[in-house]
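Summary of structural features
Here's the letter readout for the chains.
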Amino acid sequence: MTTAWPRYELSDADVAALTSIVDTVRATPYADPRQPDFYDRNRFAVRQLPAGLWEFLDDFRHSEPAAGCTVHGFPVDDRLVGPTPTHWDAEQSEAHVTEIEVFLALCGMALGEPFTWETLQGGRLVQNIVPIPGDEARQNGHGSEALLEFHTEDAFHPSRCDYLLLFGVRNEDKVATTVASVRELALNPADVEMLTQRRYHILPDDEHIRQLTLRQPDHPALKLVERMRDAPEPVAVLFGDPARPYLRIDLPFMRCVGNDPVAQRALDALHTQLLANQDDVVVERGTLLIVDNYQAVHGRRSFRARYDGTDRWLKKLTVSRNLRASTEFPRGSRVLV
Ligand SMILES: NC(=[NH2+])NCCC[C@H](N)C(=O)O
Ligand SMILES: O=C(O)CCC(=O)C(=O)O
Ligand SMILES: [Fe+2]
């Protein structure tokens, strides 16, 4: 990595404390972190997180010291998680996988409000990232042969996450997640000027439309994302404090408004800079990667899937700092459209 990111190693005492919290939560009636009520019913558990871990996560959120950080050493027993499923919907329900999901969920709760979308993975909050046969060439979390290009997670949506959490269940081939920070860039002022204007359309990525089209074509959420695809609002790529801008970009799913070669050149210049400053992060078994979705873009290197139960398997959770800002949604909902 070119960037030294904040890194937290769980101590033996931390692991012992976490194991005890996970057991406590698993004994409650709301023990499934894929369900929204998990997050509303288990708030007590966040207060019990080991102090060092809690302070690390709180500082990452509050001081914005870097575009990403990592937490290492949550124990994962490869024999107990079961084979890597060949579809996000096809895993065996092993208890050890739920323990992992509880750890991921508690880290997410320390950073803000975990949430998801009606349009992805049946509305479950903790999602699977696994290679799926037939998706090899797709720009989604389930591709493999194709490089997954840089994107802000759910860039098209005004209520996109502040943090993207990826936890390594299995990654024997050490397939890297790619990350690039807006803080590292040296752009010329004319390009910055272009990128801060509402000259771009960002469309929903295919998964937001494809999954419901295949499974629940009458779902009302489908109509809403189709409208966002067919009539997108023009948006800026760089925004916020000009001295410390944030970014919003999804190269495979964005276009300039109208024919605007100057805006396109600025976007290309930004892409070139992001590529020149990217880091490879291998989310290994037991590693949690947290990406600041306002400061960083991410993607994934290409790889060859085997579909024999030993492929790369990550768990994913998205977290908002302020779900109240998503005013169109029912108060308290964690499954947005
Ligand atoms: N360029 C992109 N936005 N790629 C897709 C990102 C992941 C996609 N939302 C999924 O669930 O698989
Ligand atoms: O597989 C990875 O490392 C990243 C996947 C990703 O970007 C996604 O699912 O949104
Ligand atoms: Fe992503």
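Above this text you will find the structure in question.
What comes next is a walk through the structure. Please read these numbers as outputs of a predicted model, since none were measured by experiment. (Residues numbered from 1 in each chain as written. Chains lettered and ligands numbered in written order. Predicted model: local features only at pLDDT ≥ 70, side-chain atom pairs only at ≥ 80, totals over all residues. Heavy atoms only, no water.)

**Some words on helix α1 (residues 12–26)**
Since there are 3.6 residues in each turn of an α-helix, residues three or four apart along the chain are aligned in direction. Using the following cut-off: Note on conventions: DSSP H or I runs of at least 4 residues are helices, E runs of at least 2 residues are strands, and numbering of each starts at the N terminus. By this rule the span expected of a helix is its residue count minus one, scaled by 1.5 Å. The buried label applies to any residue whose accessible area, calculated with a 1.4 Å probe on protein chains only, is under 20% of its type's maximum; exposed applies above 50%, and partly exposed to all values in between. Comment: arc refers to directions from the helix axis out to C-beta atoms. The contact criterion used is simple: two residues touch if any of their non-hydrogen atoms lie within 4.5 Å.
End to end, α1 covers 21 Å across 15 residues, agreeing with the expected 21 Å (1.5 Å per residue, within 8%). The set of residues buried in α1 consists of Asp-14, Val-15, Leu-18, Ile-21, Val-22 and Val-25. Projection of α1 onto a plane perpendicular to its axis shows the buried side chains occupying an angular sector of 125°, all on one side. Among the exposed residues of α1, those oriented more than 90 degrees off its buried face are Asp-12 and Ala-13. Here the buried face of α1 lies against β1 (7–9), α2 (37–41), α3 (43–47), α4 (51–63) and α5 (95–111).

**A few points about unusual backbone geometry**
Apart from glycine, the bulk of residues carry a negative phi angle, and the bulk of peptide bonds sit in the trans form. Of note, Gln-121 is a non-glycine position whose phi angle comes to about 45°, a positive value. Within the secondary structure, Gln-121 sits in the loop between β3 (113–117) and β4 (127–129). In this structure, Asp-154 is a non-glycine residue whose phi angle is positive, near 50°. Take Asp-154: it is sitting in the loop between β5 (148–151) and β6 (163–170). The class for Asp-154 is buried, based on a relative accessible area of 4%.

**Some words on the coordination of the iron ion (ligand 3)**
Heads up, the condition is: Metal donors were taken as nitrogen, oxygen and sulfur atoms no farther than 2.8 Å from the ion, or 3.2 Å where the ion is Na, K or Ca. Water is excluded, so coordination may look unfinished.
In this structure, His-151 (NE2), Glu-153 (OE) and His-298 (NE2) serve as the protein donors to the iron ion (ligand 3), at separations of 2.0 to 2.1 Å. The motif formed by the donor residues of the iron ion (ligand 3), counted along the single chain, is H-x1-E-x144-H. With His-151 in strand β5 and His-298 in strand β14 (residues 296–300), the pair connects residues that are 147 residues apart, well separated along the chain. Judged on exposure class, the residue His-151 and its partner His-298 are both buried.

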